[in-house]
Amino acid sequence: MTARTRRRDDRPIPAHPYRDTALVFGVMAVVLVVVAVLTGGNLPQSLAAAALFFVLATAWSSWKFRVRIREREVALAAAAAQQGESGSVHGKPPSVVSTQGQDERAP
């Protein structure tokens, strides 16, 4: 049996990627502070490290999600244009085209 190797871009994008990212890294930052305090670490220093970790990790992940979302939108738009399903008639958006096939702005 061979397992299908999933490319990184094939992974589904979560419904709320930015919120989920902030929650996961927030929990990880709290765990970092708790572990530091339980092991006798310096509380102000661990708080600063946790805050820095949270900001950098959340910013990095948000940036990567934004790139993936834009790439997926571009790929979907290119696929729709290639199939002719862009939703436009004669180069006009659907809101400008009437149901009778004539331009609504024409007299």
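Residues numbered from 1 in each chain as written. Predicted model: local features only at pLDDT ≥ 70, side-chain atom pairs only at ≥ 80, totals over all residues. Heavy atoms only, no water.

1. Some thoughts on the environment of Thr21
Part 1 of the argument: With respect to the helices and strands, the residue Thr21 is situated in helix α1 (residues 17-38).
Part 2 of the argument: Owing to a relative accessible area of 7%, Thr21 belongs among the buried residues under this scheme.
Part 3 of the argument: Beyond its immediate chain neighbours, meaning those up to four positions away, Thr21 contacts Thr58, Ser61 and Phe65.
Part 4 of the argument: Within polar-contact distance, the side chain of Thr21 engages the backbone oxygen of Pro17 at 2.7 Å. (Helix = DSSP H or I, 4+ residues; strand = E, 2+ residues; numbered from the N terminus. Buried < 20%, exposed > 50% of the residue type's maximum accessible area, 1.4 Å probe, protein only. Contact = heavy atoms within 4.5 Å. Polar contact = N/O pair within 3.5 Å; in protein donor to acceptor, adjacent residues only side chain to side chain.)

2. Description of the pattern of salt bridges
Part 1 of the argument: A full pass over the atoms with the stated rule returns one salt bridge.
Part 2 of the argument: Salt-bridge contacts for Arg19 lead to Asp20; the nearest nitrogen and oxygen are separated by 3.3 Å. (Salt bridge = Lys/Arg side-chain N within 4 Å of Asp/Glu carboxyl O.)

3. Structural notes on the side chain of Ser46
Part 1 of the argument: Take Ser46: it is sitting in helix α2 (residues 43-83).
Part 2 of the argument: Residue class for Ser46 comes out buried when judged on its relative accessible area of 6%.
Part 3 of the argument: Residue contacts for Ser46: discarding those within four places in its chain leaves Leu32, Val33 and Ala36.

4. Things to note about α1
Part 1 of the argument: Taking 1.5 Å of rise per residue, the 22 residues of α1 would be expected to cover 32 Å, and the 32 Å separating its terminal C-alpha atoms lies within 8% of that figure.
Part 2 of the argument: For α1, the set of buried residues is Pro17, Thr21, Phe25, Ala29, Val33 and Ala36. Viewed along the axis of α1, the buried residues span an arc of 130°, placing them on a single side of the element. α1 presents Leu23, Val27, Val30 and Leu38 as exposed residues on the side facing more than 90 degrees away from its buried surface.
Part 3 of the argument: Just beyond α1, the residue with positive phi is Gly40, at close to 85°. (Expected span 1.5 Å × (residues − 1). Arc of directions from axis to C-beta.)

5. So, the environment of Arg68
Part 1 of the argument: Relative to the helices and strands, Arg68 is located in helix α2.
Part 2 of the argument: Sequence-wise, Arg68 and Ile13 are 55 residues apart; in three dimensions their C-alpha atoms are separated by 8.3 Å.

6. Section: the packing of aromatic side chains
Part 1 of the argument: A full pass over the atoms with the stated rule returns two aromatic pairs.
Part 2 of the argument: Measuring from centroid to centroid gives 5.7 Å for Phe25 and Phe53, while their planes differ by 85°, and the two rings are edge-to-face. Linking Phe25 in helix α1 with Phe53 in helix α2, this pair joins segments that are 28 residues apart in sequence.
Part 3 of the argument: For Phe25, a relative accessible area of 15% puts it in the buried group. (Phe/Tyr/Trp six-rings, centres within 6.5 Å; stacked < 30°, edge-to-face > 60°.)

7. Things to note about α2
In an α-helix there are 3.6 residues to a turn, and that puts residues three or four apart on one side.
Part 1 of the argument: The terminal C-alpha atoms of α2, which comprises 41 residues, lie 59 Å apart, in line with the 60 Å expected from a rise of 1.5 Å per residue.
Part 2 of the argument: Considered for burial, the residues of α2 that qualify are Ser46, Ala50, Ala57, Thr58, Ser61, Ser62, Phe65 and Arg68.
Part 3 of the argument: Residues of α2 that are buried make contact with α1.
Part 4 of the argument: At the exit of α2 stands Gly84, carrying a positive phi of roughly 80°.

8. As for a nonpolar patch on the surface
Part 1 of the argument: On the surface, a cluster of nonpolar side chains totalling about 250 Å² of accessible area is made up of Val27, Val31 and Val35.
Part 2 of the argument: Here Val27 lies in helix α1.
Part 3 of the argument: Taking relative accessible area as the criterion, Val27 reaches 52% and is therefore assigned exposed. (Patch = residues over 30% accessible without salt bridge, like charges linked within 9 Å, V, L, I, M, F, W, Y side chains within 5 Å. Areas by Shrake-Rupley, 256 points an atom, 1.4 Å probe, with all protein chains shown as cover.)

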